[in-house]
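Next come the chains, spelled out residue by residue.
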Amino acid sequence: PFILHGESVFPPRIPDFAPILNSPSALGGVLYTGLITTALALWVESIAFKRVPATDASIILTTEPLFAAAAGAVTLGETFVTSDYVGASLIIGACILAVLIEDEASDESCDPYDDSGCVPPRTWPEG
């Protein structure tokens, strides 16, 4: 052990993965979690977000913890405390603010009497 500020500190070490690698069910769970629920989900998400305006995509990603908390409450019976409600309120407030700022910016950038190519940000990308 190392001595740091008069206390003994153990150096970090690599955990023993042998039990996981030797267990087919544990290894299957790790592979399923890594490949299907993480890698595949992020790949599909990145394809979908290519077709969504940037502000909408950021709002969807920002509210992801709210959906996860709601799913945990419904499926697992998890409860919330005051700090959870404050955090959810801040997330929702930020999303509302982002939408209002985007709407204000699109109102300022597009002249309704000029058709010279102004495209509001809430249109679908071509292609």
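Conventions used here
Residues numbered from 1 in each chain as written. Predicted model: local features only at pLDDT ≥ 70, side-chain atom pairs only at ≥ 80, totals over all residues. Heavy atoms only, no water. Helix = DSSP H or I, 4+ residues; strand = E, 2+ residues; numbered from the N terminus. Buried < 20%, exposed > 50% of the residue type's maximum accessible area, 1.4 Å probe, protein only. Contact = heavy atoms within 4.5 Å. Areas by Shrake-Rupley, 256 points an atom, 1.4 Å probe, with all protein chains shown as cover. Phe/Tyr/Trp six-rings, centres within 6.5 Å; stacked < 30°, edge-to-face > 60°. Patch = residues over 30% accessible without salt bridge, like charges linked within 9 Å, V, L, I, M, F, W, Y side chains within 5 Å. Salt bridge = Lys/Arg side-chain N within 4 Å of Asp/Glu carboxyl O. Expected span 1.5 Å × (residues − 1). Bend = angle between axes of the 7 residues up to and from the residue. pLDDT = per-residue confidence, 0-100.

1. Observations concerning the overall build of the chain
Check the secondary structure of the chain and you find five helices and two strands. The order of α-helices and β-strands along the chain, N terminus first, is β-β-α-α-α-α-α. Counting over 127 residues, the chain shows a buried share of 8%. When contacts within the chain are restricted to residue pairs at least 6 apart in sequence, those whose partners lie at least 24 apart make up 39%. Just so you have it, the chain exposes about 10,400 Å², and 67% of that area is on carbon and sulfur atoms.

2. A word on the packing of aromatic side chains
Any aromatic ring pair is given by two values, namely how distant the centres are and how the planes are angled relative to each other. Within the structure shown, the criterion is met by one aromatic pair. Plain terms: the ring middles of Phe80 and Tyr85 are 5.9 Å apart, the flat faces sit at 70° to each other, and that makes the pair edge-to-face.

3. With respect to the side chain of Thr63
Tracing the sequence through the fold places Thr63 in the loop between helix H3 (54–62) and helix H4 (64–76). Sequence-distant contacts of Thr63, that is, excluding residues within four places in its chain, are made with Ile91 and Cys95.

4. A look at a nonpolar patch on the surface
On the surface, Leu31, Tyr32, Leu35, Ile36, Leu40, Trp43, Val44 and Ile47 cluster together to form a nonpolar patch covering roughly 780 Å² of accessible area. Its place among the elements puts Ile47 in helix H2 (residues 24–49). In this structure Ile47 comes out as partly exposed when scored by relative accessible area, which is 35%.

5. Some thoughts on H2
With 26 residues, H2 extends 35 Å between its outermost C-alpha atoms, agreeing within 8% with the 38 Å of an ideal straight helix rising 1.5 Å per residue. At Tyr32, H2 shows its largest kink, close to 30°.

6. A short note on the confidence of the model for the chain
Averaged over every residue, the pLDDT of the chain is 81; residues scoring 70 or more account for 76%. The element-level mean pLDDT for the chain is lowest in strand E1 (residues 2–4), coming to 66, with H4 highest at 93.

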